[in-house]
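One letter stands for each residue in the lines below.
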Amino acid sequence: GAVVSQHPSWVICKSGTSVKIECRSLDFQATTMFWYRQFPKQSLMLMATSNEGSKATYEQGVEKDKFLINHASLTLSTLTVTSAHPEDSSFYICSARPSGGYGYTFGSGTRLTVV
Amino acid sequence: QKEVEQDPGPLSVPEGAIVSLNCTYSNSAFQYFMWYRQYSRKGPELLMYTYSSGNKEDGRFTAQVDKSSKYISLFIRDSQPSDSATYLCAMSAGSGYSTLTFGKGTMLLVSP
């Protein structure tokens, strides 16, 4: 079945530094990937839609200069949290939909803690 | 009113019980309905995918959609401790790369 790999699974960084999260579709090509953020006991909130070869589309209220998305190939999208602050601490999850498939496949998520 | 409402639980049941999980929604444009299972600190895993109204069965899981009532359900038969997880309903208006709208998730605890 379709597999989405996300790396790292957890990361701790100092306030003010940047963190890059990778999302790879392992056995299918994904022209579109999605990035979500999930706070404890909350639902998944869509942050942005990542499009291969073009600029990402950000949801209202999401700072595009803070959350940089690069979708450079059909199997890789990256999310970089720039100048991270403690309030950016959250669970970040990516997803993609295989062509001809049903539903969306999610990565295993990245738990970011900013200290 | 939120677009998708889901009771956060927790819902505690004994092993072997039949579990009923539900979501209501307000957007009549939703056509595609999904249930995801999410274990702690993991990404969601797709369980069921249905289009429009009706029932769909897969093993111990049955998904029901009633578009007239804007109400969807997931039934789990013969529940197992390994079913303990958070169950998220999700829905979208289109089958393509439409964005998903999620419920908050219901935490299910199945005790041995």
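Keep in mind that this is a model prediction, so the values were computed, not measured.

*Asks:* Could you clarify how one ought to interpret the overall build of chain A in this entry?
*Replies:* A tally of helices and strands in chain A yields zero helices and 11 strands. Ordering the α and β elements of chain A from the N terminus gives β-β-β-β-β-β-β-β-β-β-β. What you see for chain A is a C-alpha radius of gyration of 13 Å, in line with the 13 Å of a compact globule of 115 residues. Overall size of chain A, expressed as C-alpha extent along the three principal axes, is 40 × 30 × 25 Å.

*Asks:* Quick question: what am I supposed to make of the sheet that holds strand S8 (residues 76-81) of chain A here?
*Replies:* Backbone-to-backbone hydrogen bonds join strands into a sheet, with any given pair of strands oriented parallel or antiparallel. Residues and elements named next belong to chain A. Reading across from one edge, S1-S3-S8-S7 is the order of the four strands in this open sheet, with antiparallel pairing throughout. Here the strands that pair on one side only, and so sit at the sheet edges, are strand S1 (4-7) and strand S7 (67-73). Taken pair by pair, the neighbouring strands of this sheet meet at an average axis angle of 15 degrees, ignoring direction.

*Asks:* What am I meant to see in the environment of B:Gly105 here?
*Replies:* Residues and elements named next belong to chain B. Along the chain, the position of Gly-105 falls in the loop between strand S10 (101-102) and strand S11 (106-111). On the accessibility criterion, Gly-105 (4% relative accessible area) is buried. When the C-alpha positions of Gly-105 and Asp-78 are compared, they lie 21 Å apart, and in sequence the two are 27 residues distant. Discounting residues that sit within four places of it in the chain, Gly-105 has contacts with Gln-6, Asp-7, Pro-8, Thr-86, Tyr-87 and Leu-88.

*Asks:* Teacher, can you tell me more about the state of the cysteines here?
*Replies:* Covalent bonding between the sulfur atoms of two cysteines is what defines a disulfide. Taken as a whole, this structure holds two disulfides over all chains when the rule is applied. For A:Cys23, the disulfide goes to A:Cys94, at an S-S distance of 2.0 Å. Here A:Cys23 and A:Cys94 share a disulfide; its torsion about the S-S bond, 85 degrees, makes the bridge right-handed. Here A:Cys94 lies in strand S9 (residues 90-96) and A:Cys23 lies in strand S3 (residues 19-25), a separation of 71 residues in the sequence. The two residues A:Cys23 and A:Cys94 agree in class, both being buried. With a sulfur-sulfur separation of 2.0 Å, B:Cys23 is cross-linked through a disulfide to B:Cys89. With the S-S dihedral at roughly -100 degrees, the linkage between B:Cys23 and B:Cys89 falls on the left-handed side. Within this pair, whereas B:Cys23 is found in strand S3 (residues 19-25), its partner B:Cys89 is found in strand S9 (residues 85-92), the two being separated by 66 residues in sequence. Assessed through its relative accessible area of 1%, B:Cys23 is described here as buried. A residue is classified by how much of its surface remains accessible, and B:Cys89, at 0% relative accessible area, is buried.

*Asks:* Would you mind going over the pattern of salt bridges with me for this structure?
*Replies:* Where charged atoms of side chains with opposite charge meet at close range, the side chains can pair. The full count for this structure, using the stated rule, is five salt bridges over all chains. B:Glu45 serves as the salt-bridge partner of B:Arg37, at 3.0 Å between the closest nitrogen and oxygen.

Rules used throughout
Residues numbered from 1 in each chain as written. Chains lettered and ligands numbered in written order. Predicted model: local features only at pLDDT ≥ 70, side-chain atom pairs only at ≥ 80, totals over all residues. Heavy atoms only, no water. Helix = DSSP H or I, 4+ residues; strand = E, 2+ residues; numbered from the N terminus. Rg over C-alpha atoms; globule rule 2.2 N^0.38 Å. Pairing = 2+ DSSP bridges. Axes fitted to C-alpha atoms, helices over the stretch in contact; angles between N-to-C directions. Buried < 20%, exposed > 50% of the residue type's maximum accessible area, 1.4 Å probe, protein only. Contact = heavy atoms within 4.5 Å. Disulfide = S-S within 2.5 Å. Salt bridge = Lys/Arg side-chain N within 4 Å of Asp/Glu carboxyl O.

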